[in-house]
Amino acid sequence: MLLVLIGLALATGGADLAWLGGSSYYLLAGLAIALCGVLLWRGDRRGTRLYGLVFIATLAWSVWESGLYGWALAPRLFGPALLGVWLLTPWVQRGLAGQPLIRRGGTVAAALAVLLAAGVTLAAVLWSAAPWPSASAADSGPVPAAAPSAFDGDWEHYGATQAGTRFSPLAQLTAANVAGLKLAWTYRTGASPKGLVGTLETTPLKVDDTLYLCTGFSDVVALDAETGRQKWRYEAKPNTRGLFAGICRGVAFYRVPGATGPCSHRILDATVDARLLALDARTGRPCAGFGNNGQVDLWTGMGPVDPGYYFVTSPPTIIRGKAVIGGWVTDGQRLGEPPGVVRAYDATTGALAWAWDPGNPDVHTAPPPGASYTLGTPNSWAPMSADERLGLVYAPTGTATPDYYGGYRTADADKYSSSVVALDATTGAVRWSFQTVHHDLWDYDVPAQPTLIDLPGGIPALIQATKRGEIFLLDRRTGRPLAAVAEQPTPQRPVAGDRASPTQPFSVGMPSFRGPDLNEKAMWGITPFDQLWCRIRFRQARYEGPLTPVGLRPTIVYPGYLGGTDWGGVSVDPDRQVMVVNSNRVANYDQLITRTDADRMGLKAIGAHYHGDVGGAVAQAGTPYAAVIAPFLSPLGVPCQQPPFGMLSVIDLKTRKVTWSKPFGTARDSGPLGLESHLPILMGVPNHGGSVVTRGGLIFIAASQERSLRAVDILTGRDLWRAGLPAGGQATPMSYLSQKSGRQFVVIAAGGSPGLRTRAGDYILAYALPNAR
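Residues numbered from 1 in each chain as written. Predicted model: local features only at pLDDT ≥ 70, side-chain atom pairs only at ≥ 80, totals over all residues. Heavy atoms only, no water.

S.K.: Describe the sheet that holds strand β40 (residues 719-724), listing the residues and the values that go with them.
M.R.: Pairing within the open sheet is mixed, and its 5 strands lie in the order β2-β37-β38-β39-β40. Both outer strands of the open sheet, β2 (167-168) and β40, are each paired with one neighbouring strand and no more. (Pairing = 2+ DSSP bridges. Helix = DSSP H or I, 4+ residues; strand = E, 2+ residues; numbered from the N terminus.)

In structure tokens, the structure reads:
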């Protein structure tokens, strides 16, 4: 009866798949397995023999479709192998009539043969998890460690420096001693406001002997860098009306030139209710001379803003005495959402220095009373970077709202969407802009901080990572590509009233991290059943490769909104001239809905909508279409394409080739239906967060669904150390030198991610070698 039910289920789904033009294997195998069940029900030993033939055919078909890639073979072979072993057991065989299938111990041998097939599959899984180095893996040798200066030991900006390199020039920790790292201290930030989700994505700053960080709901905390003891805490007390979640990725530090006394050193924090705060770095008290008693209202000039539609998630960028700040705008709700303006404020007084309004790019003053900046323009929610010498601040931009229909966008909104824009730090004028997606219809915001590095010969470069998985290498003086960029044809036929750009920019001179194009064979599942479901869904959807326009038919968007790369960005080692990239390979399954159907569903713009990475329906009110946006997951909640879902790679910036690449993160803390598998097998899992590189030749990274902080050898990709975390480490770590003990510390925030379904928490954890004193 079990075999009959399995066979009928496979045959029914297989018939649907074959009708859609997919593989006929499931139909044929299902019918054969159902026949096996009928024969065994009648006590006919031929049922066992027939199943053996089905298993041999399944083995051949699996290898033909997937080669020897273990994760692809697993759902195709494990279940059938275990069922085959069961059919060969004595208590099944004794009840069957006819000649025995195999005599004198042969049954045991056959069972062992089937188990061997399963074992080979497992071995292939483990082999698939090994690093994939290239021939150039040893090109970049050790770099002599320089004696750290006081500056080397601090971490004064979100990305270590204004350049956003995430590079620490400390070399106390090396491949030889990093295995000795121990937990030095833990700090708990406290629970989020009742009923709200606070994601702890902060990267602390370290100045002198103090760490500075923010909580998900904008409190600012100062900790002793050696012990983790709280020195002070400023409670921001934000207005949370309309909010679902709170995010703060960091704060900014500023020294007022020539000043002494209170607020000569200050912390700038942008809150979830759109205020810019200035606090005395020593005491945490508001700086009375900044704005209105220590704060500036960021809603000024924004027009009518519904609560929760606009707030700031990334720290201000400090350049030439100014704090430059963008903002997060809720996705996909309606036309006329808040402006995407970028503003610069005097870091001493809080006065507006300039504004860049993408819808009115030549006017840099505040709008007159009763007016606002241009509504619905591209925003800049990700961290920015800056070059003091060139006097430029680099703003990565999102998409003009709403995200999935562009029929009503203005020329200026289209021009600056999904771009990196270089703004004059003194005036706010656009010096140059480079667009990573033309007429973006996929929510391919530029999510990552631009990374600045000087290439050999002193060439000032900018590296821009994208959700598309394209890495653009530009001259940061002009925006011109330093690595070849080609305009290539992309799929057309968007919905009525919209258009699709005939070509899109592809960074052909750099490695791509979008992953291989999808096909039916690449669909995956934990079992043959959810794999079959995913194959059917793939065949039902439209997918013509990267940048297939979303339409009324379900559309596969790959990479999805996780990326490629997301807000964790990349890190670079300027000594070795290498770049570290953690990336995702998870597709979206998106669909537009006519306004008539959306109205019938009661789908309306809401006060606040934070889809994070869990998907949902968005109204796009005022346009002809709503949208349903979701990751492409099986009924068991796992991605529908085969692993790896996350990768960690190193690229040599001199040769622009991959040095090594490997799946990132094990299956230990994730699994079907949101359950933890507890399997420490390297799979490559989705990730959010970034990496840090040190002069000691180490990569420190958490980020993945596996609750771990790792130290990885930058030359070989070998894991050298791992520490389990009490919650998901969806943040970017940092490293500093303690003035008290002379030890190098590594710090990570562990707060979890609703989108990745990792365990929530409120932990700041610091690691160091044991103190020898």
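The structure having been displayed, the exposition proceeds.
S.K.: Requested: an account of unusual backbone geometry, with residues and values cited.
M.R.: In this model, T401 is joined to P402 through a cis peptide bond whose omega is -10 degrees. Relative to the helices and strands, P402 resides in the loop between β21 (392-396) and α7 (411-416). Unusually for a residue other than glycine, S218 sits at a positive phi of about 80 degrees. Of note, C263 is a non-glycine position whose phi angle comes to about 65 degrees, a positive value.

S.K.: How would you explain the layout of surface pockets if you had to name every residue and give the values?
M.R.: One number sums up the size of the second largest pocket: a volume of about 450 Å³. If you trace the second largest pocket, you find 23 residues lining it, with T161, Q162, A163, T165 and L452 closest to the centre. Elements supplying a minimum of two residues to the lining of the second largest pocket: β2, β20 (385-387) and β24 (451-455). With 3 residues, the top contributor of residues to the lining of the second largest pocket is β24. (1 Å grid on protein atoms, 1.4 Å probe; cavity = no way out; pocket = protein on both sides within 12 Å on 5 of 7 lines; lining within 4 Å. Points joined across faces, edges and corners; volume = space filled by probe spheres on them.)

S.K.: Kindly report on helix α3 (residues 46-66), identifying the contributing residues and their values.
M.R.: End to end, α3 covers 30 Å across 21 residues, agreeing with the expected 30 Å (1.5 Å per residue, within 8%). Those residues of α3 that sit buried are G47, T48, Y51, V54, F55, T58, W61, S62, E65 and S66. All buried residues of α3 fall inside an arc of 140 degrees around its axis, so they share one side. Exposed side of α3, more than 90 degrees from the buried face: R46, L53, I56 and W64 are the residues found there. (Expected span 1.5 Å × (residues − 1). Buried < 20%, exposed > 50% of the residue type's maximum accessible area, 1.4 Å probe, protein only. Arc of directions from axis to C-beta.)

S.K.: Tell me what's going on with the sheet that holds β24, and back it up with residues and numbers.
M.R.: Here we have 3 strands laid out as an open sheet, ordered β24-β25-β26, and antiparallel in their pairing. Where the open sheet ends on each side, the last strands, each with one partner, are β24 and β26 (471-475). Here the strands of the sheet are splayed against their neighbours by 30 degrees on average, with no regard to which way each runs. (Axes fitted to C-alpha atoms, helices over the stretch in contact; angles between N-to-C directions.)

S.K.: Talk me through the packing of helix α4 (residues 70-87) against helix α8 (residues 528-540); I want residue IDs and the actual numbers.
M.R.: Between α4 and α8, whose axes approach to 9 Å, the crossing angle comes to 145 degrees. The residues of α8 that touch α4, namely those facing P75, R76 and P80, are P528, Q531 and R535. Considered class by class, the residues forming the contact of α4 with α8 number 3 nonpolar, 1 polar and 2 charged. (Contact = heavy atoms within 4.5 Å. Nonpolar A, V, L, I, M, F, W, Y, C, P; charged D, E, K, R; others polar.)

S.K.: Give a description of the state of the cysteines that names residues and reports values.
M.R.: In total, this model carries 3 disulfides according to the counting rule given. A sulfur-sulfur separation of 2.1 Å characterises the disulfide bridge that pairs C263 with C287. Measuring handedness by torsion sign, the sulfur bridge of C263 and C287 sits at about -100 degrees and is left-handed. Of the two residues, C263 sits in the loop between β10 (252-255) and β11 (265-270) while C287 sits in the loop between β12 (275-280) and β13 (295-297), which places them 24 residues apart along the sequence. C263 sits in the buried class, given a relative accessible area of 10%. We classify C287 as buried; its relative accessible area is 1%. Put simply, C534 and C640 are joined by a disulfide, and their sulfur atoms are 2.0 Å apart. (Disulfide = S-S within 2.5 Å.)

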